[in-house]
Amino acid sequence: MNTELTTETIKLESKIKASLDASVMGLDQDTQQALASIREKSLKKQQTHTWLNFNMWVPASAVALSALLAILFVYQPNNVDDALQRIASEQTISHEQPEHLTMLELLTNAEDLETATDPDFYVWIDEVLATEGTNNAV
Amino acid sequence: MHMGRDFDKQYLSMNHFLADIEGRAFRMAQIATGNRDDALEIVQDTMMKLVQKYSHHQATEWKALFYSILNTRILDWHRRQSVRNRFRSWLNWHDDEDEAIEDVLAQHPDETNHSPDAKLQDSQFMASLNSALSALPLRQQQVFLLRIWEGMDINETAAIMHCSASSVKTHYARALEKLREKLGDHQ
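Note that residues are indexed from 1 along each chain, following the sequence as it is written. Ligands are numbered from 1 and chains lettered from A, in the order in which they are written. Since the coordinates come from a predicted model, pLDDT governs what is reported: local features require at least 70, and pairs of side-chain atoms require 80 or more to be given and counted, while whole-chain, interface and lining totals use all residues.

*Asks:* Got a minute to help me understand the overall build of chain B in this structure?
*Replies:* Counting from the N terminus, the helices are DSSP H or I runs at least four residues long and the strands are E runs at least two residues long. Secondary structure assignment for chain B yields 7 helices and 0 strands. Ordered by position from the N terminus, the helices and strands of chain B form the series α-α-α-α-α-α-α. Put plainly, a residue is buried at 20 or more neighbouring C-beta atoms within 10 Å of its own, exposed at 12 or fewer, and partly exposed in between, counting only other residues' C-beta atoms, which are placed from the backbone. Out of the 187 residues belonging to chain B, those deemed buried represent 30%. Partitioning the contacts of chain B with sequence separation of at least 6, the portion at a separation of at least 24 is 65%. What counts as a contact here is a pair of residues whose C-beta atoms, placed from the backbone, lie within 7 Å.

*Asks:* Where do I start with the overall build of chain A in this structure?
*Replies:* A tally of helices and strands in chain A yields 7 helices and 0 strands. Here chain A, with 138 residues, has 7% of them falling under the buried criterion.

*Asks:* In this structure, what is going on with the interface of chain B and chain A? I would like to understand it.
*Replies:* Of the residues lining the interface, 36 residues belong to chain B; the matching set on chain A comes to 24 residues. Every element with two or more residues in the side of chain B that touches chain A is listed here: α1 (14-33), α2 (36-54), α4 (116-135) and α7 (165-183) of chain B. The leading source of residues in the side of chain B that touches chain A is α1(B), at 9 residues. Polarity classes work like this: nonpolar for Ala, Val, Leu, Ile, Met, Phe, Trp, Tyr, Cys and Pro, charged for Asp, Glu, Lys and Arg, and polar for all others, with Gly in that last group. Its residues assigned to classes, the side of chain B that touches chain A shows 20 nonpolar, 9 polar and 7 charged.

*Asks:* Looking at this structure, how should I read the confidence of the model for chain A?
*Replies:* For any part of a model where pLDDT is low, the fine detail of the predicted coordinates should not be relied upon. Confidence of the predictor at the level of single residues is captured by pLDDT, which takes values from 0 to 100. For chain A, the mean per-residue pLDDT works out to 76, and 55% of the residues sit at or above 70. Of all secondary-structure elements in chain A, the lowest mean pLDDT belongs to helix α4 (residues 77-93) of chain A, at 62, while helix α1 (residues 2-25) of chain A reaches the highest, 85.

*Asks:* Even after reading the chapter, I still don't get unusual backbone geometry, so can you show me in this structure?
*Replies:* All names here are of chain B. One non-glycine residue, His-162, adopts positive backbone phi at about 55°. Here His-162 lies in the loop between α6 (154-161) and α7. A residue is classified by how many C-beta atoms lie within 10 Å of it, and His-162, with 10 of them, is exposed.

*Asks:* Explanation requested: the nonpolar core in the structure shown.
*Replies:* The tendency in soluble globular proteins is for nonpolar side chains to be buried as a group. Residues and elements named next belong to chain B. A set of buried residues drawn from Ala, Val, Leu, Ile, Met, Phe, Trp, Tyr and Cys, joined through C-beta atoms within 7 Å, is what defines a nonpolar core. Residues Ala-25, Met-28, Ala-29, Ile-42, Val-43 and Leu-70 are the most contacted members of the largest nonpolar core, which totals 42 residues. The greatest single-element share of this core, amounting to 9 residues, is contributed by α1. If near-sequence neighbours (up to four positions away) are discounted, Ile-42 is found in contact with Ala-29, Leu-70, Arg-73, Ile-74 and Trp-77.

*Asks:* Mind showing me how you'd approach the environment of Asn71(B) here?
*Replies:* Residues and elements named next belong to chain B. Turning to its location among the elements, Asn-71 is positioned in helix α3 (residues 59-91). On the basis of neighbour count, Asn-71 is assigned to the buried category, with 25 C-beta atoms found within 10 Å. Separated by 67 residues in the primary sequence, Asn-71 and Leu-138 place their C-alpha atoms 9.5 Å from one another. Contacts of Asn-71, omitting those with residues within four sequence positions, involve Gln-142, Ile-160 and Met-161.

*Asks:* What is the right way to look at α2(B) in this model?
*Replies:* One full turn of an α-helix is made of 3.6 residues, so residues set three or four places apart face in the same direction. All names here are of chain B. For a helix, the expected span equals 1.5 Å multiplied by the residue count minus one. Its 19 residues give α2 an end-to-end C-alpha distance of 26 Å, which sits within 8% of 27 Å, the value for a rise of 1.5 Å per residue. The complete set of buried residues in α2 reads Ala-39, Ile-42, Val-43, Thr-46, Met-47, Leu-50 and Val-51. Summarising the axial view, the buried residues of α2 lie within an arc of 155°, below the 170-degree limit, and thus occupy one face. In α2, the exposed residues that point more than 90 degrees away from the buried face are Asp-37 and Lys-53. The arc in question is the one traced by the directions running from the helix axis out to the C-beta atoms.

*Asks:* In this structure, what is going on with the packing of α6(B) against α7(B)? I would like to understand it.
*Replies:* Angle between the axes and distance between the axes: these two values describe a pair of packed helices. Residue and element names in this part refer to chain B. Working convention: axes come from line fits to C-alpha atoms, limited for helices to the stretch in contact. Angles between N-to-C directions cover 0 to 180 degrees. Closest axis-to-axis distance for the α6/α7 pair is 8 Å, and the angle between their directions is 100°. With respect to each other, α6 and α7 are oriented roughly perpendicular. Within the contact between the two elements, α6 uses Ile-154, Asn-155, Thr-157, Ala-158 and Met-161 and α7 uses Ala-165, Val-168 and Lys-169. Partitioning the contact of α6 with α7 into residue classes produces 5 nonpolar, 2 polar and 1 charged. Each angle is binned into one of four classes, with values under 35 degrees roughly parallel, values over 145 roughly antiparallel, values of 65 to 115 roughly perpendicular, and all other values oblique.

*Asks:* What's the story with α7(B) in this structure? I'm lost.
*Replies:* Residues and elements named next belong to chain B. Here α7 spans 26 Å end to end across 19 residues, near enough to the 27 Å set by a 1.5 Å rise per residue. For α7, every residue scored as buried is listed here: Val-168, His-171, Ala-175 and Leu-179. Looking straight down α7, one finds its buried side chains confined to an arc of 70°; they lie on one side. Opposite its buried face, α7 presents the exposed residues Ser-166, Glu-177 and Glu-181, each directed more than 90 degrees away.

*Asks:* Would you mind going over the packing of helix α5 (residues 138-148) of chain B against α6(B) with me for this structure?
*Replies:* Residues and elements named next belong to chain B. Following both chains from N to C, one finds α5 and α6 inclined at 140°, their axes separated by 10 Å at the closest point. When the axis of α5 is compared with that of α6, the two are oblique. For the element pair α5 and α6, the recorded crossing hand is right-handed. Judged by residue contacts, Gln-142, Val-143, Leu-146 and Arg-147 of α5 engage Thr-157, Ile-160 and Met-161 from α6. The sense of a crossing depends on the near helix, which, turned anticlockwise from the far helix by less than a right angle, makes the crossing left-handed and, turned clockwise, makes it right-handed.

Right, dumping it as structure tokens:
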């Protein structure tokens, strides 16, 4: 009984496979052409993909090189010196600002009020500020 | 099962591989969707993805990868279709032109050298087979076709279907039982 069933099953499986194979062989011309065209299109995509991958390095390298040249052109050593000089002069101009701030701090702080009322303190602070002014001026 | 097995066939190029497989892939998609154009679209998507993403893999892996993609595409198609059908039934919208299930007889081979009687019998068997395969649940259908047509073993089929080996055995046994019931008269 089991052997009979197995033989029958094998026979059915073979028949189904043969029938499916025959259905592929019997595909109409339009479908066969459509499949060939799809295959061709897919393979072209593969070629385009590879080509793109290779060629993507060329513009990327060009952009990177241009950016590097631009940076070197803008920030060349002379320009760097100019920039440093500009910063230094700005610092000299704004040197007056800390003096006012120091005076304001002294006046608002109660602990230092005694010192602030001492005339010798003003002589000393003038000397200190004058010394700082000459040291900071670049 | 001692089917003719061409799974280990050596493919010289991607073109060679696709040319060998495209007909069977199309028929599988057609049986699953019942629609020629949808089947062609599914095969196209599958080929494109295989070529773009996996062409650098070894040729021996192509078949498993191809069928894995194909089955996923077919599954996606069924999901989209079920959503569309639900939406249509909700709107009670019947479009006679759309989604016409193709006449399976249109795909019959007519170039065989059999006698008229044998030809008629083959034709009838083919029609019954198409109808029986289309009626199978999708997973059973896919497992059955991979095993019987592509000659894949249980583990290969399980890997492609992303399921266990025991599920493959169950799906195959159920599919075969249903087909035996429906095609019994033609044996």
